[in-house]
Amino acid sequence: LTFSVFLVGLEGVDLVSLSGHKIYGPKGIGILFRRNGTPIRPIQFGGHQEKGVRPGTLNTPGIVGIGKAIELINKNRSENEKIKELRDYLITGILNAIPKSQINGDLEKRVPNNAHFSFYGVEGERLLLLLAQEGISASTGSACSSGSLEPSHVLMSLGMDPLLAHGSLRITLGKFNTKADIDYLINSLPAIVERLRKMSPIK
């Protein structure tokens, strides 16, 4: 398997993890990139698989599946450019349409399919509920903490006001999204944000 597509720009990086389902591979499989000499200790014991780091029978179908997903990425890199154009179109549209909104993170140094916003005076969970009623799937915070009502610890570590962090919205685009999808979101979101701000005690 060729993993070179993921090694670009990792100079000086010790560890990188990757989930298979994030790249259209199977769920339940991932990759850990470890630079030679980087010390790690196992947290599970009982076997010598994975050079003694993680015991248990290897998930062969999952390994083949994530390898195939990487192979397809190498063959279809132009899809990233298409997704990036849609993401930039989304970011510009949302920031222009909604006052007191901001994009979180660097505009250039981000993955092509991710747009993460914060809206002052809006509560993230209510925002998701109203978006779902419009047929729009999104997330608040990160996928790993989507079950928590606490503001994102990542946004807080960046020095963000907790009230602003509570109003975060993560939009993840994929290869099946179209410009019409983005236009639908841009047209739907401002009214939802305005409605929630009118209900909010934060002015």
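These numbers come from a predicted model, not from an experiment. (Residues numbered from 1 in each chain as written. Predicted model: local features only at pLDDT ≥ 70, side-chain atom pairs only at ≥ 80, totals over all residues. Heavy atoms only, no water.)

**Q** How should I be thinking about the pairing of strand β4 (residues 114–119) in this particular structure?
**A** Working note: regular strand, side chains alternate between the two faces of the sheet. Across the 6 residues of β4, 6 count as buried, placing the element largely inside the fold. Going residue by residue along β4, you find N114, H116 and S118 tucked away on one face and A115, F117 and F119 tucked away on the opposite face as well. Where strand β3 (residues 101–103) and β4 come together, 3 bridges link them in antiparallel fashion. Bridge assignment links I103 to a residue of β4, and that residue is F117. Pairing of β4 with strand β5 (residues 168–172) involves 5 bridges; the strand directions are antiparallel. In the sheet register, N114 faces β5, and the bridge partner there is T172. (Buried < 20%, exposed > 50% of the residue type's maximum accessible area, 1.4 Å probe, protein only. Helix = DSSP H or I, 4+ residues; strand = E, 2+ residues; numbered from the N terminus. Pairing = 2+ DSSP bridges.)

**Q** Can you walk me through helix α3 (residues 124–133) in this structure?
**A** Since the α-helix turns once every 3.6 residues, residues separated by three or four places project in the same direction. All of the buried residues in α3 are G124, L127, L128, L130 and L131. Buried-residue contacts for α3 involve β4, β5 and α6 (179–199). Residue E123 occupies the N-cap position of α3, its side-chain oxygen lying 3.2 Å from the main-chain nitrogen of E125. Within two residues after α3, G135 carries a phi angle of roughly 80°, on the positive side. (Contact = heavy atoms within 4.5 Å. Polar contact = N/O pair within 3.5 Å; in protein donor to acceptor, adjacent residues only side chain to side chain.)

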